Every structure is written in structure tokens, then in C-alpha cells.
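# Secondary and tertiary structure notes
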Amino acid sequence: MRLLEVEDLTVRFGDSTVVAGVRLSLGAGERLGLIGESGSGKTLTALAVAGLLPPGAAVTGSVRFEGSELLGRRERAIAPLRGAGIGFVFQEPLTALNPLMRIGAQIGEPLRIHRGLSRRAARGAAAELAARVGLPDPERIVRAYPHQLSGGQRQRVGIAIAIAARPALIVADEPTTALDVTVQAEILRLLTALVEEEGSALLFISHDLAVVAQVSRRLAVMRAGRVVEEGPTLDVLRDPREPYTRQLVAAARATSWNPQETPS
């Protein structure tokens with residue numbers, strides 16, 4: 001049984017179809033990169049997996065996680081899976097984090113909800129998680145509010161929240177887009193190390209081929225709401241079949257990126 005199976009996923013807003021018949025699958029511990037330009041439907045695909053589509057979205061098809069169908073389930077039935085089964089790292093942590101809650105309380109929340117820790121135990125565990133994701137002076141960080149941290153630090157907090165309950169799947173939606181190149185590289189190394197340590201599967205979404213190639217073992221290319229090419233990352237990069245994929249590779253090469261240097 002695959003950890004995640006997406007079959008014929010279609011998302012519509014009124015008369016507009018934004019995701020059309022997407023099919024994806026992930027096994028335990030696998031790392032899949034989902035690449036495509038802005039508006040290709042990759043983020044909506046990820047949100048559908050986590051049951052986070054915005055109001056007004058009409059969704060059909062099938063999303064099965066650990067053998068259970070998620071589409072059509074009520075919010076109260078799917079909510080317990082978030083954090084415990086599926087961890088989500090958002091593109092902009094400043095908007096994803098609660099501005100009125102201290103960092104320690106936000107990291108500790110999934111520990112209390114999904115692992116049954118007391119508030120005191122969750123506070124201690126939150127500091128340990130802050131240290132694990134490389135936040136400096138974690139005891140100070142957990143007492144801070146989101147606006148008191150840098151963008152890179154907030155993203156590390158988002159990752160700490162996502163891994164807190166040790167989910168089987170982590171979905172990372174453009175987690176490095178708003179960061180400078182140095183911090184971006186640090187976050188990519190951190191994510192890769194954490195999923196390897198935990199044995200979690202990773203669905204990594206990005207519009208940047210050079211970025212997604214660093215963390216994925218398989219690659220799915222989306223265009224206009226459809227998956228147009230899929231395969232092992234190195235195969236797709238070195239011998240792309242679709243003209244659109246070849247355009248993405250050529251654009252990435254123009255930035256001095258070399259697919260031969262992509263980790264296997």
C-alpha cells in the first residue's frame with residue numbers, strides 16, 4: 001500500500017478548472033518534487049492533499065492517505081490527520097503563524113493535541129525542537145513572538161511545527177521562496193536531514209527546478225493544471241521528454257545550474 005495515492009484529482013472554481021485529473025503517489029520515506037510555473041495548480045494540489053482547499057473549491061477524484069479516503073470527509077474527521085499524519089510547511093510563515101502566540105506555544109500545540117503532552121512538557125519539548133531545527137538560543141526563541149524573528153527563523157519554526165508530531169508525510173509548499181540564497185540553502189539542507197532522520201515522506205512544491213532537484217528523488221512536472229511528465233529526478237533532468245520540461249531545464253541552466261550536480 002502506498003502512503004499517498006492521488007487519482008484523477010480535479011479542482012474547480014465555478015467554471016474554471018485549475019487542477020485537471022492529477023495522479024500522484026508516494027511511498028513511505030519517498031521524496032517527490034512537484035514543479036511548475038505560477039498558476040500551474042501545484043499548490044492547490046498540495047492543499048487538496050491536506051484538506052486545506054479554500055472555500056468555493058469543488059473537488060473530485062480521490063486522495064487516499066494510508067489507505068483512507070480523504071476527499072468528502074468532514075473537517076472534524078480530517079483535522080486530526082494534520083500534524084499527526086500530514087505536516088505542512090507553508091510558503092510564508094509570517095502569515096501561517098499566529099502573531100499573538102509565543103513561538104513555544106505554537107510549536108507545542110501539536111505536541112499537546114497529538115501526543116498528549118502537558119503544557120509544561122510541551123514547553124520543554126518545544127525548546128528541544130527549536131534547537132533541533134537550528135534556531136539560536138532556543139530558550140529565548142520560544143518566548144518570542146513571530147514578528148521578533150527573521151524570515152529564516154520563522155521558516156525554521158514552521159518546520160519545527162510540521163515535524164513536531166512526527167508525521168508520515170511532510171508537504172512543503174514553496175518553503176524557500178521568500179528567503180535569500182544563503183538561508184534558502186540552509187533550509188533545504190535542514191528539510192532533507194529531518195525527513196531522512198524521521199523516515200518521513202516529502203512532497204516538495206516549487207517553481208524553481210534547481211531548488212526542487214536538491215531535495216527530490218522523483219519529479220512531477222505540472223502545467224496548466226496537469227502533470228505532463230514524471231519520473232526519477234535525474235532521468236527527467238538529463239533527458240526531459242516534454243517541451244515544457246526542456247524549457248524549465250534550459251531556464252535553470254541559464255542560472256549556471258548543472259543537473260549533473262544534482263544529488264542522486
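Counting starts from 1 at the beginning of each chain's written sequence and moves along it residue by residue. Where totals are concerned, whole chains, interfaces and linings use all residues; where local detail is concerned, this predicted model gives features only for residues with pLDDT of at least 70, and gives and counts side-chain atom pairs only at 80 or more. Hydrogens and water are ignored here; the side-chain numbers use all heavy atoms of the structure.

### A short note on the overall build of the chain
Runs of H or I in DSSP of at least four residues are treated as helices and runs of E of at least two as strands, each being numbered from the N terminus. For the chain, the helix and strand inventory stands at 12 helices and 10 strands. By principal-axis analysis of the C-alpha atoms, the chain measures approximately 55 × 45 × 35 Å. Note that accessible areas follow from Shrake-Rupley with a 1.4 Å probe, and for residues the cover is restricted to the protein chains shown. Split by element, the accessible area of the chain, about 12300 Å² in all, is 49% carbon and sulfur. In summary, the charge assignment counts Lys and Arg as positive and Asp and Glu as negative, without counting His or the chain termini. For this purpose, a charge sits on NZ of Lys, CZ of Arg, CG of Asp or CD of Glu. Positive and negative side-chain charges of the chain, numbering 31 and 28 respectively, have mean locations separated by a distance of 6 Å.

### With respect to the packing of helix α5 (residues 103-115) against helix α6 (residues 119-132)
Interaxial angles span 0 to 180 degrees and are taken between N-to-C directions of axes, which are lines fitted to C-alpha atoms, for helices over the stretch in contact. Direction vectors running N to C along α5 and α6 enclose 115°, while the axes themselves pass 8 Å from each other. In this structure, α5 meets α6 at a crossing whose hand is right-handed. Contacts from Gly104, Ile107, Gly108, Leu111 and Arg112 in α5 reach Arg119, Ala122, Ala125, Ala126 and Leu129 in α6. Lys, Arg, Asp and Glu make up the charged group, whereas Ala, Val, Leu, Ile, Met, Phe, Trp, Tyr, Cys and Pro make up the nonpolar group; the residues left over, Gly among them, are polar. Of the residues assigned to the contact of α5 with α6, the class counts are 6 nonpolar, 2 polar and 2 charged. Each crossing gets its hand from how the near helix is turned against the far one by less than a right angle, where anticlockwise is left-handed and clockwise is right-handed. Note on definitions: a residue-residue contact is assigned when non-hydrogen atoms from the two residues lie within 4.5 Å.

### Examining the nonpolar core
Residue types Ala, Val, Leu, Ile, Met, Phe, Trp, Tyr and Cys, when buried and joined through side-chain atoms within 4.5 Å, form a set referred to as a nonpolar core. For every residue, the accessible area obtained with a 1.4 Å probe (protein chains only) is divided by the maximum for its type, and the residue is called buried under 20%, exposed over 50%, and partly exposed between those limits. The biggest cluster of nonpolar side chains holds 49 residues, and the ones touching the most others in it are Val133, Ile159, Phe204 and Leu209. Per-element accounting of this core gives the leading share, 7 residues, to helix α9 (residues 181-198).

### A word on the side chain of Thr192
Among the structural elements, Thr192 can be located in helix α9. Assessed through its relative accessible area of 16%, Thr192 is described here as buried. For Thr192, the contacting residues outside a window of four places in its chain are Arg31, Gln214 and Val215.

### Let's talk about the sheet that holds strand β9 (residues 218-223)
Picture the strands of a sheet paired through backbone hydrogen bonds; they go either parallel or antiparallel. What the 6 strands build is an open sheet, ordered β6-β7-β8-β3-β9-β10; its pairing is mixed. For this open sheet the edge positions go to β6 (86-89) and β10 (226-232), each flanked by a neighbour on one side alone. Here the average twist between neighbouring strands, direction ignored, is 15°. A pair of strands is treated as paired once DSSP finds two or more bridges between them. Bridge analysis of strand β3 (residues 31-35) against β9 gives 4 bridges, and the strand direction is parallel. Looking at β9, one finds that Leu32 is bridged to Arg218. Running at roughly 150° to strand β8 (residues 201-206), helix α1 (residues 42-49) makes contact with β3, β6, β7 (169-173), β8 and β9 of the sheet. Against the sheet, helix α12 (residues 243-253) engages β3, β9 and β10, with an angle of about 110° to β9.

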